[in-house]
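# Fold and geometry: a report
Here's the letter readout for the chains.
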Amino acid sequence: MTAVSEIWTTDLPTFWLIPALVLSSISLVYTAVRVFARSQNIGRRLLVCTVNVVAYACILLLLINPQVTQSGAKTVTLITDTPDDIDEHGIKGFPRLYALPSVAADIAGVNAIPDVSVLPLRETGMGVLKLMGHGLSTRDWRAIPAAVDIEWTPANISGIVDVKWRKSVTIGEPWTVSGRFIAPQHYPENEVYTATLSDQAAQEIQSVPLRSNNHFSFTIRTPIDGPITYYLTVLDREKNELTRERVAISVTKTNPVKIMIIQSAPSFEVRQLMNWATSHGTELIIRTKISKDQYITQVANRPSLNDSSELRFERQDFLLMDGRAYMSSSQQERSNLTQAIRHGLGMLLMIDGELVASMPDARGHLLAQFELQQEESPNDKSTPIIAAFENNYSLPALPISISGPGTYPLVTSTEGTHLTVARREGNGVIALTRLRQSNALLTNGDAPAYSHYWAQVMGGIARNEAIPRLVPQGTREIPRVLDRLNICALLKSEAAIVHIAAPNDEAARTSLTLTSDQLGSNRHCALYEPTDTGWHQIQLSGDGNGSSDNGIWDIDYFYVYSDSDWQAVDQSNRQQASLFRLSAPRNPSEKASHRSNLFAPKWLWVMFVLSAFFLWLERKFN
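Residues numbered from 1 in each chain as written. Predicted model: local features only at pLDDT ≥ 70, side-chain atom pairs only at ≥ 80, totals over all residues. Heavy atoms only, no water.

### Focus on the packing of helix H6 (residues 268–279) against helix H11 (residues 447–461)
Basically, it comes down to this: Here an axis means a line fitted to C-alpha atoms, over the contact stretch when the element is a helix, while the angle between two N-to-C directions is reported on a 0 to 180 degree scale. Each helix is a run of DSSP H or I of at least 4 residues and each strand a run of E of at least 2, with the numbering of both proceeding from the N terminus. Angle categories are assigned with fixed cut-offs, so that under 35 degrees is roughly parallel, over 145 is roughly antiparallel, 65 to 115 is roughly perpendicular, and the rest are oblique. We call two residues contacting when some pair of their heavy atoms lies within 4.5 Å. Note that Gly is not counted as nonpolar here; it falls among the polar residues with everything else outside the nonpolar set of Ala, Val, Leu, Ile, Met, Phe, Trp, Tyr, Cys and Pro and the charged set of Asp, Glu, Lys and Arg.
The interhelical angle for the contact between H6 and H11, taken along N-to-C directions, is 85°, at an axis separation of 12 Å. By the angle class used here, H6 and H11 are roughly perpendicular. Contact residues: Glu269, Gln272, Leu273 and Trp276 in H6; Tyr450, Ser451, Trp454, Ala455 and Met458 in H11. Looking at side-chain class alone, the contact of H6 with H11 contains six nonpolar, two polar and one charged residues.

Pasting the structure below:
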């Protein structure tokens, strides 16, 4: 146990303390002399003098307010998880032993506390906190004073950790769930396990062999919409189930994106992009130039073109052109394209030699704000960084740097260069890319990387008519009961309400008003604390009731897990938060301390009032 050190202090500075004591003593002596002069009864003299001493003492103590500061006073033990090797006999050596309710129910003889924030209030002057288990969460650590010393040895973890997956996707969109498996300690080090992903009907979708502490990932498509539940299971060699976790994902419908591709000559890259885009339900128009003024037009996922108005740029959401096709376009076509982009169209222009050669004459049109500069690069390939995906394949890239006022990188490389650069033009976006042959990702057998790449590009460029819309939970977030969840949406206006229906009572809905998380931001959020596990439906509404289809802007689902779900993830997160607290820099001279009044001011006032009342009565009956 930590040694206790005490420091006595007063509110009255020492400079004034001595004169106060001297004046009080003189006044008390003068009062005693007057009492002895007016009364001949010895008992009465002593009683009155004693009451005066009490009254003077109360005034003096209230004036100086003596306090004691204790530092390093206590060692407190907190059990965060039920240990396997502890029993009632084993806890007798801990005089100050606390546990959270879920743990206290399993161990006799401990003090249960409803929340970690109660502990500093129960144990004032706590100098050392000894943890038993997997540690505390980031939120709980905020309740522990920084001056408290921590003693903690991490417990062993077994299960799936570092798990992540997108919580909301569209029908047919590929999504990936990945994680890392840690085997129980009693299993052999070289044991081979099997990780499987199965659907709601317990039908296996994919499986992969792995060893302990190895990463795994599954990429699938979901063909139906709604709240969908998958199951992630790890089996040992004898097919014993070691862990089984729920993977909940909300699948939504989406309006098809309208894509137009204009190319100066047929290319295998456009053919692969067309196959990928049509598989996702997009409406596609491809115009391939075959002579100076003649094009071949192909369509996919839409009826045949009835008139030329359907080829107008403003009817599209995303336009892909190569540099040669752009530079050979007429002045009228460029003017129409400029107007369409300013009204929301997104355009991706693929840089080629003809575009680079024509850039000095780009004054007066869309490319005037871009600057292209030839670079001598020893490597003609770059590895693009794909959001929420680990990519190891390199793609051919022109040795050109792209810059200009108002531009920003849309796709960067692992080498630190900008591969695709964009800038806003009115309500739309125009982007230039020096990447070529993105279909190489497909030929290398990495279809998920190809899908994620184009989803990232189109998500940053294509016409954004999807707001207002709900923002799904983060890929690593696992909502639990009583967690404080951020329910967010992207809005054009500031007035919106979300209605959340719990699984056990869909008729009873919780309505929350969204507020902007920062000035000028389209992102509006509200805090929600779920009280039930299971699927929750969210409706985004602007009319305040969400009762009609006309008043509902967006609908999505999220799943709230119980404390028994994803336990290894929770344990790993708490261990990371606890290690961060232990590694935080701290002044060695700082010690946990507790300052308290030596005498309670309330009782001093009571004693003073009673003494004054007695002295008044004594003079009254004199």
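Resuming the write-up.
### As for the pattern of salt bridges
Here is the rule we go by: A carboxyl oxygen of Asp or Glu within 4 Å of a side-chain nitrogen of Lys or Arg is what we treat as a salt bridge. Relative accessibility decides the category of a residue: with a 1.4 Å probe and only protein chains considered, values under 20% of the type maximum give buried, values over 50% give exposed, and everything between is partly exposed.
Going through the model one piece at a time under the given rule, you end up with eleven salt bridges. Measuring nitrogen to oxygen at the nearest pair gives 2.8 Å for the salt bridge that ties Arg574 to Asp81. With a gap of 493 residues between them, Arg574 in helix H12 (residues 567–583) and Asp81 in the loop between strand E3 (74–79) and strand E4 (97–99) connect regions that are remote in the sequence. Judged by its relative accessible area of 16%, Asp81 falls in the buried class. Here the residues in one salt-bridge network are Asp81, Asp570 and Arg574, joined through shared partners.

### Some points on the sheet that holds strand E33 (residues 523–528)
Note the threshold: In this description, strands pair whenever DSSP reports at least two bridges between them.
With antiparallel pairing, the four strands of this open sheet are ordered in space as E28-E29-E33-E32. Single-partner strands in this sheet number two, and they are strand E28 (469–471) and strand E32 (515–516). Bridge analysis of E28 against strand E29 (residues 485–490) gives three bridges, and the strand direction is antiparallel. By the bridge assignment, Leu470 is partnered in E29 with Ala489.

### As for the state of the cysteines
What counts is decided by this rule: Criterion for a disulfide: a pair of cysteine sulfur atoms at a distance within 2.5 Å.
Throughout the structure, instances matching the rule amount to one disulfide. Disulfide pairing places Cys488 opposite Cys525 at an S-S distance of 2.1 Å. What sets the handedness of the Cys488 and Cys525 disulfide is the S-S torsion sign, and at about 105° it is right-handed. Residue Cys488 is located in strand E29, and its partner Cys525 is located in strand E33; the two are separated by 37 residues in the primary sequence. Neither residue differs from the other here; Cys488 and Cys525 are each classed as buried.

### Notes on the environment of Arg469
As for its position among the elements, Arg469 is in strand E28. What makes Arg469 partly exposed here is its relative accessible area of 29%. Taking C-alpha positions, Arg469 is 7.3 Å from Leu540, a pair spaced 71 residues apart along the chain.

### As for the confidence of the model for the protein chain
For clarity, the threshold we go by: The predictor rates its confidence in each residue with pLDDT, a number between 0 and 100.
Model confidence for the protein chain is summarised by a mean pLDDT of 83, while 86% of its residues fall at 70 or above. With pLDDT under 50 throughout, residues 544–550 is counted as low confidence; its partners more than four residues away or in other chains account for ten contacts.

### As for the packing of helix H2 (residues 42–64) against helix H13 (residues 601–620)
Packed helices, taken two at a time, are described by the angle their axes make and the gap between the axes. To keep it simple, the criterion reads: Crossing chirality is assigned from the near helix's rotation relative to the far helix, an anticlockwise turn below a right angle marking it left-handed and a clockwise turn marking it right-handed.
H13 packs onto H2 with a crossing angle of 145° between their chain directions and a minimal axis gap of 9 Å. Like other packed secondary-structure pairs, H2 and H13 cross with a definite hand, here left-handed. Taking contact as the criterion, the partners of Arg44, Leu47, Val48, Val51, Asn52, Val54, Ala55, Cys58, Ile59, Leu61 and Leu62 in H2 are, on H13, Pro601, Leu604, Trp605, Met607, Phe608, Ser611, Phe614, Leu615 and Glu618. Here the residues of the contact of H2 with H13 are counted per class, giving 16 nonpolar, two polar and two charged.

### What to know about the nonpolar core
Soluble, globular proteins show a tendency: their nonpolar side chains are buried together. What counts here: Put simply, a nonpolar core is a bunch of buried Ala, Val, Leu, Ile, Met, Phe, Trp, Tyr and Cys residues held in one set by side-chain atoms that sit within 4.5 Å of each other.
Grouped together as the largest cluster of nonpolar side chains are 34 residues, with contacts concentrated most on Phe318 and Trp454. The biggest single contributor to this core is H11, with seven residues. Once you skip the residues sitting within four places of it in the chain, Trp454 turns out to touch Leu273, Trp276, Phe318, Leu320, Leu348 and Ser438. One finds Trp175, Ile228, Ala248 and Val251 within the second-largest nonpolar core, a separate group that totals 30 residues.

### Things to note about the packing of aromatic side chains
Heads up, the rule is: Each Phe, Tyr or Trp ring (for Trp, its six-membered ring) is paired with any other whose centre lies within 6.5 Å, and the angle between the two planes then decides the class: stacked below 30 degrees, edge-to-face above 60, tilted in between.
The tally for this structure, following the rule as stated, stands at eleven aromatic pairs. Centre to centre, the rings of Trp175 and Tyr230 are 5.5 Å apart; their planes meet at 55°, and the pair counts as tilted. Of the two residues, Trp175 sits in strand E10 (residues 174–182) while Tyr230 sits in strand E14 (residues 226–235), which places them 55 residues apart along the sequence. Residues Trp175 and Tyr230 agree in their burial class; the two are buried.

### A short note on the sheet that holds strand E18 (residues 295–300)
In space, the eight strands of this open sheet follow the order E18-E17-E16-E19-E20-E27-E26-E25, with mixed pairing throughout. Only two strands of the sheet have a single partner each, and these edge strands are E18 and strand E25 (408–412). The mean inter-strand angle of the sheet, taken between neighbouring strand axes irrespective of direction, is 20°. Pairing geometry for strand E26 (residues 418–425) and strand E27 (residues 428–433), over six bridges, is antiparallel. Residue pairing in the sheet places Glu425 in a bridge with Gly428 of E27.

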